[in-house]
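Understanding the architecture of this molecule
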Amino acid sequence: MRLLHFVLTVGCSACAEPTVPAAEPAPSASHSMVYHDGLSAVLLVNTGLGGMSTPPSSTKTVLWRWTGSDWLVQDANGPPIRNLAGVAYDAKRNVLVMYGGSYDETKVYDETWEWRVNGGWSMVAVTGPGKRDHTQMVYDAARERVVLVGGQVGTGVFPSPTWTFDGVSWQQFAAGGPGGRIHHGLVYDAVGQRVLAFGGITSSGDAGDTWAWTGTAWSAAAPSITPRSHASLARTSRGIVLMGGFPANSPLLLLENSAWRTDAQANAPTGRYLAAYAYDSKRNVTVLFGGGNAATDDLYADTWEFSESTGWRKIR
């Protein structure tokens, strides 16, 4: 059954044009970034939880926009604050999609939200995967679907099915491939026209496997490597890379010829966990924000960019 959008819309302050912030994004981990084709800009969401101070659960989600030198507030009137949610940009519909997430262990969400440039946030009345955090989402451009992988519905309870969303309904696929896991990496490989998933924590422990999704099923995409959790898969001008996570000081790897190899990238940022990355296709750079220090658990609020010509540069 295909359901229509719910009427509830959160009023949008400064949706079409970003505003100068009163402050910059807070030090964060488990946040999300996407590249928005319609705005030709990287957007950052779900910052501000997990640090030394916790805002009230009624605090509104802030959506940030990266100019290449500064973070500006794109929309300060989102749904209640959360992190560990799935976030993706649906390029066909020009919509930011967010599913689930949590404020703390007692407040876990099962909502599907969308954000539009001229309409702000709206909640979609649709039956989805259920209450879930620690999940990952990405837009599968080849099949024009948002893909959701992993997450948990309670401590140590990791659902196995893969879900896709077309803007009207969620579709569940049988378990297989990466199965149930948290703190895994997920990225869309534009060259291979596939979604890639890596590692994370499963019911059997940390994993080092790599999987490819081509619309209906998963297949192995590379031989398993040293298990790693809390790492990120990112698209760069060099290809798909694996960065950060645990164990601390894990090497930066490049996926090449269906195998992972160590990749030397100039001035790469200090190893970190649960950072957010997005590839800016207009400027041909990969943007990184935040994450946690794998040695001290301190959270970062720094912004980096990677290009083939300059390597990594700390911008803020």
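Residues numbered from 1 in each chain as written. Predicted model: local features only at pLDDT ≥ 70, side-chain atom pairs only at ≥ 80, totals over all residues. Heavy atoms only, no water.

**What to know about the pattern of salt bridges**
One pass over the structure, following the stated rule, counts 18 salt bridges. With a closest N to O distance of 2.3 Å, glutamate 24 and arginine 316 form a salt bridge. Of the two residues, glutamate 24 sits in the loop between strand 1 (9–10) and strand 2 (32–36) while arginine 316 sits in the segment after strand 28 (311–314), which places them 292 residues apart along the sequence. The structure contains a network of salt bridges with shared partners spanning Arg238, Glu256, Arg261, Asp263 and Glu308. (Salt bridge = Lys/Arg side-chain N within 4 Å of Asp/Glu carboxyl O. Helix = DSSP H or I, 4+ residues; strand = E, 2+ residues; numbered from the N terminus.)

**A short note on the sheet that holds strand 3 (residues 41–45)**
Hydrogen bonds between backbone groups are what pair the strands of a sheet, and the pairing can be parallel or antiparallel. The antiparallel open sheet is built from four strands, whose spatial order is 2-3-4-5. The open sheet is flanked by strand 2 and strand 5 (71–75), the only strands paired with a single partner. Strand-to-strand twist of the sheet, defined as the mean angle between neighbouring strand axes without regard to direction, takes the value 35°. Two elements, strand 2 and strand 3, share five bridges in a ladder whose sense is antiparallel. Its bridge partner lying in strand 3, histidine 36 is registered against alanine 41. (Pairing = 2+ DSSP bridges. Axes fitted to C-alpha atoms, helices over the stretch in contact; angles between N-to-C directions.)

**Some remarks on the layout of surface pockets**
Estimated volume of the largest pocket: approximately 900 Å³. Met33, Val34, Val138, Val187 and Tyr277 are, among the 39 residues lining the largest pocket, the residues nearest its centre. Taken together, the elements giving at least two residues each to the lining of the largest pocket come down to strand 2, strand 6 (86–90), strand 12 (136–140), strand 16 (185–189), strand 20 (232–236) and strand 25 (276–280). Among the residues forming the lining of the largest pocket, the class breakdown is 26 nonpolar, 11 polar and two charged. When its volume is computed, the second largest pocket comes out at roughly 500 Å³. The element contributing the most residues to the lining of the second largest pocket is strand 8 (residues 102–104), with three residues. (1 Å grid on protein atoms, 1.4 Å probe; cavity = no way out; pocket = protein on both sides within 12 Å on 5 of 7 lines; lining within 4 Å. Points joined across faces, edges and corners; volume = space filled by probe spheres on them. Nonpolar A, V, L, I, M, F, W, Y, C, P; charged D, E, K, R; others polar.)

**Notes on the side chain of aspartate 166**
As for its placement among the helices and strands, aspartate 166 is situated in the loop between strand 14 (162–165) and strand 15 (170–173). In this structure aspartate 166 comes out as buried when scored by relative accessible area, which is 18%. There is a polar contact of 2.9 Å between the side chain of aspartate 166 and the backbone nitrogen of valine 168. Within the local environment of aspartate 166, its side chain forms a polar contact with the backbone nitrogen of serine 169, the two atoms lying 3.0 Å apart. (Buried < 20%, exposed > 50% of the residue type's maximum accessible area, 1.4 Å probe, protein only. Polar contact = N/O pair within 3.5 Å; in protein donor to acceptor, adjacent residues only side chain to side chain.)

**Overview of the sheet that holds strand 20**
In space, the four strands of this open sheet follow the order 20-21-22-23, with antiparallel pairing throughout. Taken across any chain shown, the strands that pair with only one partner, and hence form the sheet edges, are strand 20 and strand 23 (259–262). Direction aside, the axes of adjacent strands within the sheet are offset by 35° on average.

**Remarks on the pairing of strand 4 (residues 63–66)**
Burial along strand 4 is two-sided: Leu63 and Arg65 and Trp64 and Trp66, pointing in opposite directions, are all buried. Across three bridges, strand 3 lies against strand 4 in antiparallel orientation. Following the sheet pairing, valine 42 is matched in strand 4 by tryptophan 66. Two strands pair when backbone bridges link them, and strand 4 and strand 5 are joined in this way by four bridges, in the antiparallel orientation. Looking at strand 5, one finds that arginine 65 is bridged to leucine 72.

On their own, these measurements won't tell you what the molecule is for.
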